[in-house]
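The primary structure of each chain is shown beneath.
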Amino acid sequence: MLFKGHTAEEALAKVHQSLGSSAIVVQLKRVPSAGIGRIWGAMEIEAWAQAPAPLTPTPPPSGVPVARVRSAPKEARTLELLLSLGLNEESARKVHQSIPGSGAALTNQEACLQLGAALLDAWDKGTKRIPKTPRRIALIGAAGSGKSIATAKWITIESLRHRQDCRIWCLDGIVANSAEFLSQHAELLGIPVETTWNPGLPPCSREFLDLPGWNPTDPDVSDRMANLLDRFEPDCLLLTLNAAYEASILQNQVVQFMPFRPHGLLLTHLDECGSPSKIWDLVLASGIAVFGTSSGRFIPGGFERTGGEAWMERLFEQV
Ligand SMILES: Nc1nc2c(ncn2[C@@H]2O[C@H](COP(=O)(O)OP(=O)(O)OP(=O)(O)O)[C@@H](O)[C@H]2O)c(=O)[nH]1
Ligand SMILES: [Mg+2]
């Protein structure tokens, strides 16, 4: 049966009211609100639940109260579940702390519902600065993280599928921008490529800035890049990370690029790594959500915009 609520708690209360407190929640989903709230993008929680199968009563182990067999305190249950999903300890504690403690004992389903809602909430907070329709897009990140390939995929989609009028700025950092393939690809699509900054050009509906990667611990390169970014004024500045790298390297890159105030993350090499817990660890540590992913070196395949729901489903699929 389907139950709806404005919050996970409200949906759960309806499940319990109708099917009893041992009802099993089989799926949790966030959907656009059915009411007038849809107009301004309000969301609600859908919970699919079923009554529990009748059980042959088995006596509890001696000395253990009946209630403890079915449920455990929030402290143990949600933290344990978060760690079993593969999240690192810091992420698990962060999510756990954001769940309001009622002091009540929780079943596994209740704990899953609560932590699902907490994860989505953290993701949503991280999307606040990402525009719905980006117009001035700049990808930044370490050298070789996959920025130019992702840009080539994205301009192809904007130009061929969405029929947008695009321009690409391939600018040098302190080292020259060697993304020849990107310029050639853009030219094939009839997209103008600029290699020097010229603010006098008439605006296009989609403009992309391609910069060579750099190490943000180098102050001279960082100053030059900050200067180019200030001039370009991106409304969508994405920190591009090779998701196949080790988690500690990625966390370090996030910290180093944070002074550039990226609006979102763009993850590449998803064909080589799709670990959802690694992705959640990045989002939870940085407070920035994933704008999209790029998977594979072939253009324009494998470029997707993904939301928190999809990553949550992948996280729960692991267990
Ligand atoms: N397997 C795989 N390879 C990728 C992917 N994205 C990029 N590559 C490869 O990674 C290498 C670097 O990709 P680029 O897009 O040039 O990286 P970049 O960040 O623009 O590099 P710089 O401009 O030098 O900083 C190339 O050999 C690409 O073919 C991906 O999603 N999967
Ligand atoms: Mg490049």
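All values derive from a computational prediction rather than experimental measurement. (Residues numbered from 1 in each chain as written. Chains lettered and ligands numbered in written order. Predicted model: local features only at pLDDT ≥ 70, side-chain atom pairs only at ≥ 80, totals over all residues. Heavy atoms only, no water.)

1. Regarding the confidence of the model for the protein chain
Detailed reading of the predicted coordinates is not advisable wherever pLDDT falls low. Here is the rule we go by: Confidence scores labelled pLDDT are given residue by residue by the predictor and lie between 0 and 100. Whether two residues are in contact is decided by their heavy atoms, any of which lying within 4.5 Å being enough.
Counting all residues, the mean pLDDT for the protein chain is 84, and 82% of those residues have values of 70 or more. With pLDDT under 50 throughout, residues 36-40 is counted as low confidence; its partners more than four residues away or in other chains account for three contacts. The low-confidence segment residues 55-74, where pLDDT is below 50, has 23 contacts with residues more than four positions distant or belonging to other chains.

2. Section: the site of ligand 1
Let me state the cut-off plainly: The near set for a molecule or strand comprises every residue that places at least one heavy atom within 4 Å of it. Polar contacts, as used here, are pairs of N or O atoms within 3.5 Å; protein pairs need one atom able to donate a hydrogen and one able to accept it. Residues neighboring in sequence count only if both atoms are side-chain atoms. Surface accessibility in these figures is a Shrake-Rupley result with a 1.4 Å probe; residues are shielded only by whichever protein chains are displayed. Helical segments are the DSSP runs of H or I of at least four residues, strand segments are the runs of E of at least two, and each set is numbered from the N terminus.
Inspection of the region around ligand 1 gives 17 residues, with Lys-147, Ser-148, Ile-149, Gly-213 and Gly-296 positioned closest. Within the side chain of Ser-148, a nitrogen or oxygen atom sits 2.9 Å from an oxygen atom of ligand 1. Within the side chain of Glu-272, a nitrogen or oxygen atom sits 3.1 Å from a nitrogen atom of ligand 1. Within the complex, the protein chains bury 79% of what would otherwise be the 650 Å² of accessible surface of ligand 1. No other element matches helix α6 (residues 147-161), which puts three residues into the shell around ligand 1.

3. Examining the environment of Cys-273
Put simply, the rule is: Classification of residues uses two cut-offs on accessible area relative to the type maximum, computed with a 1.4 Å probe and protein chains only: under 20% is buried, over 50% is exposed, and between them is partly exposed.
Mapped onto the secondary structure, Cys-273 falls in the loop between β11 (264-268) and α10 (276-286). Judged by its relative accessible area of 11%, Cys-273 is buried. Contacts of Cys-273, omitting those with residues within four sequence positions, involve Ala-243, Ala-244 and Lys-278.

4. A word on the pattern of salt bridges
Condition: We define a salt bridge as a contact between a side-chain nitrogen of Lys or Arg and a carboxyl oxygen of Asp or Glu at a distance within 4 Å.
Applying the stated criterion across every chain, the model contains four salt bridges. For Arg-136, the salt bridge goes to Glu-207, with nearest N and O atoms at 3.7 Å. Here the residue Arg-136 occupies a position in strand β6 (residues 136-141), and Glu-207 occupies one in strand β9 (residues 206-210), the gap between them amounting to 71 residues. Looking at Arg-136, the relative accessible area reads 22%, which means it is partly exposed. Across the salt bridge formed by Arg-167 and Glu-207, the nearest N and O atoms sit 3.3 Å from each other. One end of the pair, Arg-167, is in strand β7 (residues 166-170); the other, Glu-207, is in strand β9, and 40 residues separate them in sequence. Overall, the relative accessible area of 2% leaves Glu-207 in the buried class. Members of the salt-bridge network, linked through shared partners, are Arg-136, Arg-167 and Glu-207.

5. So, the environment of Leu-82
With respect to the helices, strands and loops of the structure, Leu-82 is situated in helix α3 (residues 74-84). Note: C-alpha distance between Leu-82 and Phe-316 (234 residues apart in sequence) is 9.9 Å. Excluding its chain neighbours within four sequence positions, the residues that come into contact with Leu-82 are Leu-87, Ala-92, Val-95, His-96 and Leu-115.

6. Re the state of the cysteines
For clarity, the cut-off: To count as a disulfide, a pair of cysteine sulfur atoms needs to be within 2.5 Å.
All chains considered together, the criterion is met by zero disulfides. Cysteine Cys-204 remains unbridged, with the sulfur of Cys-166 as its closest cysteine sulfur at 7.5 Å. According to the relative accessible area criterion, Cys-204 is buried, its value standing at 16%.

7. Points about the side chain of Arg-167
Since its relative accessible area comes to 7%, Arg-167 is described here as buried. A distance of 2.9 Å separates a polar side-chain atom of Arg-167 from the backbone oxygen of Pro-202. In this structure, Arg-167 is in contact with Ile-191, Pro-192, Glu-194, Leu-201, Pro-202, Pro-203, Cys-204, Arg-206, Glu-207 and Phe-208, ignoring residues within four places of it in sequence.

8. Here we look at the pairing of β6
On a regular strand, each side chain points to the face opposite its neighbour's, so the side chains alternate between the two faces of the sheet. Selection criterion: Being paired, for any two strands, means DSSP has found at least two bridges between them.
Burial analysis of β6 places five of its six residues in the buried class, which makes it a mostly covered element. Where β6 meets β9, four bridges bridge the pair, whose relative direction is parallel. From the neighbouring strand, Ile-137 faces β9, where its bridge partner is Phe-208.

9. Side note on the packing of helix α5 (residues 108-125) against helix α11 (residues 308-317)
The test is simple: Note on method: axes are straight lines fitted to C-alpha atoms, helices fitted across the in-contact stretch only, with angles between N-to-C directions ranging 0 to 180 degrees. Comment on the angle field: the value is read as roughly parallel under 35 degrees, roughly antiparallel over 145, roughly perpendicular from 65 to 115, and oblique elsewhere. Crossing handedness follows the turn of the near helix against the far one: under a right angle anticlockwise gives a left-handed crossing, and clockwise gives a right-handed one. All residues other than Ala, Val, Leu, Ile, Met, Phe, Trp, Tyr, Cys, Pro, Asp, Glu, Lys and Arg, Gly among them, are scored as polar; the first ten of these are nonpolar and the last four charged.
Here α5 crosses α11 at 140°, and the two axes come no closer than 10 Å. Judged by the inter-axis angle, α5 sits oblique to α11. Relative to α11, α5 is oriented so that their crossing is right-handed. Of the residues in α11, those touching α5 at Cys-112, Leu-115, Gly-116, Leu-119, Leu-120 and Trp-123 are Gly-308, Glu-309, Trp-311, Met-312, Leu-315 and Phe-316. Grouping the constituent residues of the contact of α5 with α11 by class yields nine nonpolar, two polar and one charged.

10. Looking at the pairing of β7
Burial analysis of β7 places five of its five residues in the buried class, the great majority of the element. Burial of the side chains of β7 extends over both faces: Cys-166, Ile-168 and Cys-170 are buried on one face and Arg-167 and Trp-169 on the other. Note that β7 and β9 share five bridges and pair parallel. Its bridge partner lying in β9, Cys-166 is registered against Arg-206. Pairing of β7 with strand β8 (residues 193-194) involves two bridges; the strand directions are parallel. Its bridge partner lying in β8, Trp-169 is registered against Glu-194.

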